[in-house]
Amino acid sequence: MNHQPSIAALYVAMAGAAGPAFGETDPWALLSAVEIEEIVTETRYEVRKSFPEQLEQGISDFRISGYAMPMEAGASVRQVMLVSDMGSCPFCGQADHGITLMVELDEPISTFDEGTRLSLVGDLEAVTDPDTWQSAVMRHARVVAN
């Protein structure tokens with residue numbers, strides 16, 4: 001009896017080891033892969049960013065979940081800042097915080113508690129502005145079921 005693995009079994013095992021397909025990529029890992037270099041001289045300030053190829057081109061129907069903080073006061077909220085972990089929230093007193101994502105919602109959320117966990121789908125765009133550390137924004141976002 002031959003106990004060697006088949007070529008097909010090896011291919012399946014190696015394909016899984018190569019990493020997840022783009023659609024299965026951890027969205028927070030993708031956002032974390034942006035490299036940022038701050039350049040400060042006596043006469044200029046610049047933030048240089050290097051983006052993963054997928055993000056550089058923009059991503060339609062990008063899906064992400066996180067904890068949301070409203071960016072404006074009021075009964076309905078159209079902009080939120082999303083974080084992966086409330087323990088690394090920039091609005092919660094942490095000087096050293098994790099990745100954040102500005103989200104612009106198509107439809108306002110009428111009832112909203114700070115720190116609410118949301119799952120969203122929208123169009124992810126790279127922010128190339130050299131005057132800000134912001135690296136991405138999600139536009140045309142809509143809330144989806146977890």
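Residues numbered from 1 in each chain as written. Predicted model: local features only at pLDDT ≥ 70, side-chain atom pairs only at ≥ 80, totals over all residues. Heavy atoms only, no water.

**Student:** What is the right way to look at the pattern of salt bridges in this model?
**Tutor:** Close approach of charged atoms lets side chains of opposite charge pair. In this structure the tally under the stated criterion is five salt bridges. A salt bridge links Glu 46 to Arg 44, with the nearest nitrogen and oxygen atoms 2.7 Å apart. With relative accessibility at 38%, the residue Arg 44 sits in the partly exposed group. Salt-bridge contacts for Arg 139 lead to Glu 125; the nearest nitrogen and oxygen are separated by 2.9 Å. Placement of the pair is Arg 139 in strand 7 (residues 136–144) and Glu 125 in strand 6 (residues 116–126), with a sequence separation of 14 residues. Judged by relative accessible area, Arg 139 falls into the partly exposed class, the value being 27%. (Salt bridge = Lys/Arg side-chain N within 4 Å of Asp/Glu carboxyl O. Buried < 20%, exposed > 50% of the residue type's maximum accessible area, 1.4 Å probe, protein only. Helix = DSSP H or I, 4+ residues; strand = E, 2+ residues; numbered from the N terminus.)

**Student:** It is not clear to me how the pairing of strand 6 should be interpreted in this structure. Could you clarify?
**Tutor:** Strand residues, when the strand is regular, have side chains that alternate between the two faces of the sheet. Relative to strand 6, strand 3 (residues 59–70) runs antiparallel, the two being bridged by eight bridges. The residue of strand 6 that forms the bridge with Tyr 67 is Arg 117. Bridge count between strand 6 and strand 7: seven bridges; the pairing is antiparallel. When the bridges of strand 7 are listed, Glu 125 appears paired with Val 137. (Pairing = 2+ DSSP bridges.)

**Student:** Which parts of the structure should I look at to understand the side chain of Lys 49?
**Tutor:** Here Lys 49 lies in strand 2 (residues 45–50). Although Lys 49 is buried, it makes no salt bridge; Asp 129 carries the closest opposite charge, 6.1 Å away. Of note is the side chain of Lys 49, whose polar atom sits 2.7 Å from the backbone oxygen of Gln 134. Those residues in contact with Lys 49 that lie beyond four places of it in its chain are Val 34, Glu 35, Ile 36, Val 127, Thr 128, Asp 129, Thr 132, Trp 133, Gln 134 and Ser 135. (Lys, Arg positive; Asp, Glu negative; His and termini not counted. Polar contact = N/O pair within 3.5 Å; in protein donor to acceptor, adjacent residues only side chain to side chain. Contact = heavy atoms within 4.5 Å.)

**Student:** I would appreciate a short explanation of the nonpolar core in the present structure.
**Tutor:** Most often, soluble globular proteins keep nonpolar side chains buried together rather than apart. Ile 64, Leu 82, Leu 101, Val 103, Leu 124 and Met 138 are the most contacted members of the largest nonpolar core, which totals 24 residues. Looking at this core, the elements that each hand over two or more residues are helix 2 (27–32), strand 3, strand 4 (77–83), strand 5 (100–109), strand 6 and strand 7. Once residues within four sequence positions are removed from consideration, Met 138 is found in contact with Phe 62, Ile 64, Leu 101, Met 102, Val 103, Glu 104, Leu 120, Val 121, Gly 122, Asp 123 and Leu 124. (Core = buried A, V, L, I, M, F, W, Y, C linked by side-chain atoms within 4.5 Å.)

**Student:** How do you make sense of unusual backbone geometry when you look at a structure like this?
**Tutor:** Positive phi outside glycine occurs at Asp 61, with the angle close to 55°. Looking at the secondary structure, you find Asp 61 in strand 3. Even without glycine at this site, His 140 takes up a positive phi of about 55°. Tracing the backbone through its elements, the reader meets His 140 in strand 7.

**Student:** What should I look at first to understand the environment of Pro 27 in this one?
**Tutor:** Of note, Pro 27 is situated in helix 2. Pro 27 gets classed as buried once you look at its relative accessible area, which sits at 17%. Separated by 35 residues in the primary sequence, Pro 27 and Phe 62 place their C-alpha atoms 8.1 Å from one another. For Pro 27, the contacting residues outside a window of four places in its chain are Phe 62, Arg 63 and Ile 64.

**Student:** Can you walk me through the environment of Met 69 in this structure?
**Tutor:** Tracing the backbone through its elements, the reader meets Met 69 in strand 3. The sequence separation of Met 69 and Met 102 amounts to 33 residues, and the corresponding C-alpha distance is 9.7 Å.

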